Each structure stands twice: as C-alpha cells, then as structure tokens.
Amino acid sequence: MSSENGAGDSETERNVWDVVVVGAGPAGASAAYAAAVAGRRVLLLEKAELPRYKTCGGGIVGLSRDALPPGFELPLRDRVHAVTFSLNGRLTRTRRSRRMLFGLLNRPEFDHALVESAVDAGAVLRTGASVSRVEQHGPLVPDRRTVAVVLAGEEEPVLARAVVGADGSAGRIGAHVGVKLDQVDLGLEAEIPVPDSVAEDWAGRVLIDWGPLPGSYGWVFPKGDTLTVGVISARGEGAATKRYLDDFIGRLGLAGFEPSISSGHLTRCRTDDSPLSRGRVLVCGDAAGLLEPWTREGISFALRSGRLAGEWAVRIAEAHDAVDTRRQALNYTFAVKAGLGVEMSIGRRMFTVFARRPGLLHAALTGFRPAWTAFARITRGATSLTEIVRTHPVARRALDAMDRPAPAPAPAPAGPSDPKG
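Rules and cut-offs
- Residue positions are counted from 1 within each chain, in the order its sequence is given.
- Selection of residues for local features in this predicted model requires a pLDDT of at least 70, selection of side-chain atom pairs for listing and counting requires 80 or more, and totals for whole chains, interfaces and linings are taken over all residues.
- Processing note: side-chain calculations cover all non-hydrogen atoms of the structure and skip hydrogens and water entirely.
- Only DSSP runs of H or I with at least four residues qualify as helices, and only runs of E with at least two residues qualify as strands; both kinds are numbered from the N terminus onward.
- The globule rule used here is 2.2 Å times the number of residues to the 0.38 power, and the radius of gyration it is set against is calculated over C-alpha atoms.
- Contacts are assigned to residue pairs with any non-hydrogen atoms lying within 4.5 Å of each other.
- Computed with a 1.4 Å probe, the accessible areas rest on the Shrake-Rupley method; for each residue, only the protein chains presented here act as cover.
- Put simply, buried Ala, Val, Leu, Ile, Met, Phe, Trp, Tyr and Cys residues joined by side-chain atoms within 4.5 Å make one nonpolar core.
- Categorising residues by exposure relies on relative accessible area from a 1.4 Å probe, with only protein chains included: less than 20% of the type maximum marks a residue as buried, more than 50% marks it as exposed, and the intermediate range marks it as partly exposed.
- By definition, two strands form a pair when at least two bridges between them are found by DSSP.
- A carboxyl oxygen of Asp or Glu within 4 Å of a side-chain nitrogen of Lys or Arg is what we treat as a salt bridge.
- In this analysis, the expected span of each helix is defined as 1.5 Å times one less than the number of residues it contains.
- Angles run from 0 to 180 degrees between N-to-C directions of axes, and those axes are lines fitted to C-alpha atoms, restricted for helices to the stretch in contact.
- What counts as a ring pair is set by centres within 6.5 Å for rings of Phe, Tyr and Trp (its six-membered ring), and what kind of pair is set by the plane angle: stacked under 30 degrees, edge-to-face over 60, tilted for all other angles.
- A positively charged side chain is recorded as over a ring if its NZ (Lys) or CZ (Arg) lies within 6 Å of the ring centre. The angle to the ring normal must also be within 35 degrees.
- A 3.5 Å cut-off defines polar contacts: any pair of N or O atoms within that distance qualifies, except that in protein one atom must be a possible hydrogen donor and the other a possible acceptor, and neighbouring residues in sequence count only when both atoms are side-chain atoms.

Q: What should I look at first to understand the overall build of the chain in this one?
A: A tally of regular secondary structure across the chain gives 13 helices and 18 strands. For 421 residues, the compact-globule estimate of 2.2 N^0.38 gives 22 Å, and the C-alpha radius of gyration of the chain, at 24 Å, lies within 12% of that figure. Across the chain, the fraction of contacts at a sequence separation of at least 24, relative to all contacts at a separation of at least 6, is 73%. Roughly 19,100 Å² of accessible area belongs to the chain as shown, and the carbon and sulfur atoms make up 53% of that amount.

Q: Help me understand the environment of A35, please; the structure alone is not making it clear to me.
A: As for its placement among the helices and strands, A35 is situated in helix α2 (residues 26-37). For the pair A35 and R307, spaced 272 residues apart in sequence, the C-alpha separation works out to 8.3 Å.

Q: I tried to follow the nonpolar core on my own but got confused; where do I start?
A: Nonpolar side chains in soluble globular proteins generally cluster together in the buried interior. Ranked by internal contacts, the top residues of the largest apolar core, which has 72 residues, are V20, F110, V149 and Y332. With eleven residues, the top contributor of residues to this core is helix α8 (residues 299-318). In this structure, L87, L361, W372 and L399 belong to the second largest nonpolar core, which totals 28 residues.

Q: Would you explain the sheet that holds strand β3 (residues 59-60) in this entry?
A: Across a sheet, paired strands are connected by hydrogen bonds in the backbone, their directions being either parallel or antiparallel. Strand order in the open sheet formed by three strands is β3-β7-β4, and the pairing between neighbours is antiparallel. What marks the edges here is a single partner per strand, and that holds for β3 and β4 (76-80). Note: β3 against strand β7 (residues 102-105), two bridges, orientation antiparallel. Each residue of the ladder has a partner; that of G59, found in β7, is L104.

Q: Whenever I open this one, the pattern of salt bridges confuses me. Can you help?
A: Overall, the coordinates contain 16 salt bridges when judged by the stated rule. For R205, the salt bridge goes to D201, with nearest N and O atoms at 3.5 Å. Accessibility expressed as a relative area gives 14% for R205, which makes it buried. Residue classification places D201 among the partly exposed positions, given a relative accessible area of 48%. When the shortest N-O distance is used, the salt bridge between D272 and R348 registers 3.1 Å. Of this pair, D272 sits in the loop between β16 (261-270) and β17 (277-278) while R348 sits in helix α9 (residues 322-356), and the two are 76 residues apart along the sequence. Judged by its relative accessible area of 54%, D272 falls in the exposed class.

Q: When you look at α2 in this model, what are you seeing that I'm missing?
A: Each turn of an α-helix holds 3.6 residues, which means side chains three or four residues apart point in the same direction. For α2, spanning twelve residues, the distance from its first C-alpha to its last is 16 Å, which sits close to the expected 16 Å at 1.5 Å a residue. The buried fraction of α2 is high, at eleven of twelve residues.

Q: What should I look at first to understand the sheet that holds strand β15 (residues 226-234) in this one?
A: As summarised here, the arrangement of the seven strands in space is β6-β5-β13-β14-β15-β12-β16, forming an open sheet in which the pairing is mixed. A strand with exactly one partner marks an edge of an open sheet, and here the two such strands are β6 (90-96) and β16. Each strand of the sheet is rotated relative to its neighbour by a mean of 20 degrees, with strand direction disregarded. Across five bridges, the pairing between strand β5 (residues 82-87) and β6 is antiparallel. Its bridge partner lying in β6, F85 is registered against R93. Packing of helix α7 (residues 238-251) onto the sheet brings it into contact with β12 (181-193), β13 (205-210), β14 (217-223) and β15, and relative to β15 it is tilted by some 150 degrees. Docked against the sheet, helix α11 (residues 369-380) engages β5, β6 and β13, running at close to 125 degrees with respect to β5.

Q: Teacher, can you tell me more about the packing of aromatic side chains here?
A: Centre distance and the angle of the planes are the two values used to describe a pair of aromatic rings. Counted according to the given criterion, the structure contains eleven aromatic pairs. Judged by centre distance (6.0 Å) and plane angle (90 degrees), the ring pair of F72 and F110 falls under edge-to-face. Placement of the pair is F72 in the loop between α3 (62-66) and β4 and F110 in helix α4 (residues 107-120), with a sequence separation of 38 residues. Take F72: its relative accessible area is 15%, and that puts it in the buried class. Taking 5.9 Å as the distance between ring centres and 40 degrees as the angle between the ring planes, the aromatic pair formed by Y244 and F248 counts as tilted. On the criterion of helical spacing, the pair formed by Y244 and F248 is a turn pair, its members being four residues apart in helix α7. A connected cluster of aromatic rings, assembled from ring pairs, spans F85, W210, Y217, W219, W294, F354, W372 and F375. Over the ring of W17 we find R41; its NZ or CZ atom is 4.5 Å from the centre of that ring. For R304, the ring lying beneath its charged end belongs to F301, and the centroid distance is 5.1 Å.

Q: Explanation requested: the side chain of T226 in the structure shown.
A: Positionally, T226 belongs in strand β15. A relative accessible area of 18% places T226 in the buried class. A distance of 3.3 Å separates the side chain of T226 from the side chain of D225, its partner in a polar contact. If near-sequence neighbours (up to four positions away) are discounted, T226 is found in contact with E191, I192, P193 and F221.

Q: Got a minute to help me understand the pairing of strand β10 (residues 147-151) in this structure?
A: Regular strands place side chains that alternate from one sheet face to the opposite one. With five of its five residues buried, β10 lies for the most part within the structure. Looking at chain direction, strand β9 (residues 131-135) and β10 are connected through four bridges and run antiparallel. Paired with V134 across the strands is V149, a residue of β10. In terms of strand pairing, β10 meets strand β11 (residues 158-165) through three bridges, oriented antiparallel. Across the sheet, the residue bridging to V147 is A160, located in β11. Taken together, β10 and the strand that follows it, β11, pair antiparallel across an intervening segment of six residues, in which G153 is found at a positive phi of about 80 degrees.

Shown next, in the form of structure tokens:
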C-alpha cells in the first residue's frame, strides 16, 4: 500500500501527530482537550511562554461555564451580583440579583488552567513555537493525508493529520484558510490596582457604560485589589476611543491610580460567507472571527468553537481521502453555523440597534423589568439572546421594529429655479 494512503511508511507514521493545534488560548486549549480525550496524539503549539497577559475583561457568562471541561475549577476573582448601567456617565442606575450573574477572572490564570486540563488529558504542550506557515502540498508534505506546520527558525516541519488554527484573528492559520473579516473594533484596557477602600465599593458589582461613539461601551470589572477598566469602539476612531477611556477613568475617580498594565486589542468578526476550513485545516475562536458582534464577547465562542474544532479534527485525522476530509470539514462548518453563526446574526442586529439607539437600550435595561430579567438569564446561561428572539414573539417584533432602517426623507418639491432633467 502506498504512503499516500497513510499506511506505507511506518517511520513517517510515528512522526506524524494526529492533531496539531496552533495557539494556546481558550479556543486552542479546548480543541486540544477535545482531541486528546478522544485518545489522539495531540500537539499544542504556543509562541509565547505561559502564563501570558491577554487584553480581555475576563467576564465568564453561563455559556462559557457550560463549555468547560468536566470538573474544571474556575479561578474566579469575583462573583457579580449587581450591574450599574450608565449612558455616557449619565442616568446611572444599579440593578441587583440574589443569584450570581457571572464570574470575573484574570485571563493569564484562566488560560493556563485550560492548557493544564488539555495536558492532563494527554496533549503535549510546546511553548516558544512560532508558526510561519502551513503547507498541504509540496516537498515538505510526505502524502495527501498530511499537513506540514513550518516553525520559524526550524528546518524540519511538524507533521499532522489535521491542524486546528486558534492563533488569533491576525494569525497565520486564518490567512491560510482565507478567513474574511467584517466588523473590526478597538478595545483599550487598563488594569488599575486600588486600595481596599475602593475595592470594597466595587466588590460584586460591575459597571457598563454605553459610550459616546456609535456602538461603543465601557466597563469596570473588579478583581480583588485590581479594577479592569476598558472601552471598545470601531477601529478608525483610535483617538476618540482613547479620549473615551481617559474621560471614563477620570469620571470614575480613578485617574489618580497608576495602571499596572495598559493595553489594546483589535476584535474582528467574520463575514457570513467566510470559510472555516481548507483541506485538513480548521479554524476556531478569534482565528475564525467568531465572537458576539454586539458585546464583542469572545470567550464563550472560543470555548465552544474550540471544542467543536477538536472533535472534527479527530474525524479529519481519520479521513483516508479528500472526499471524506471535505465531508468532515463541511460538517464542522455546519455545526458552527447552526449554533454560533445564528447567535452572531442576532448579535449583528442588536449591534445595529445599539449603535443607532443606545438610550433606548439603556432605558429598557434600567426601567423595564422583563429586559433586566432577560439580561440576567442570558448572563447566567439559562437562555440566550437567540433563544429569546426565537421563542418570544414580542421580543422578535421589537427587534424587527428597532432594526428597521429609518425611511429616507422625501425629496423637496422642485421650485421654479430648480434645474430638471
């Protein structure tokens, strides 16, 4: 039997990983865990040393908790029972819940714990490994069932039966697959250490401020003796977004405290027709442009798409020809679009409504009890925005009405001096 069918060269077989995952964030760690618990040989590549800092609010909603490995202990820094809403610093109101709404954590701890879960399941971690490209054809590829992962500074590639790209929205694997990105936003964030007296005032409570720029908002997430303060807005408004963050911090009375970290990050949403695979290579999480377009929440999308990518990478690794490989890749695409894709489409509509009418959203959440109840149930994971719109006719009609473009103004009647024709 020829080596093109994957069974002829035993030496090659021993040197080929079943699944190679590129990127050890939540998406990559989830993919590596899913493939490893299926009993496959899994290599997890990460260019940085772990733990490493990541610009992120660190809010863990119910959908994220449900997607974690069994028995995973969340390294929570706080548990949120109250949300203060404001409209660019005005009309402030706090809503409270007896039950926890969501948890807050530091991403370095969380990401590292996820990677440890994948390693405990059997995955092999390799840090300091920067991927320069992947090849599915050519002299580096020994047969049609193999992908070559080329590492910077190394002559010999890493070989795999399937590759999962989880290396972020600007990573190499998304470019190889041909991921197309639509909405791009800039998030700016400061980690601000505060004294006990300030920390106590924020314990168990977050602030969400609907910002001055279309589609923008800010947040304060307490994590013990540190407040994570950030804002997000459309890319291209960098100076205005920075002003919003500075004004926001000043308005909160936090300008006198020196941030331990100040950082920025671009979030990118995929287009509806963006590919999720190419040959034996899949993408997930930020690398696929998978995140919620309105809130730009990405952790739950990373965890869920990572798990799906790991499961389907196992099937692709077992595929013996191009037809079966294509079938499994299409199944992965269908699974992502049927769940996360539907959520993104509703999120896009919510973003449009929010960008046009932030005051209306603020009024609903602070003054209309069913809207607050829906918000609380979504954050706990008891339901989703998609489920609410799908099952509640009133919610669906309200979204349809708010999402409807304003009618164009009628043209002014032509006067005697108006040229015509």
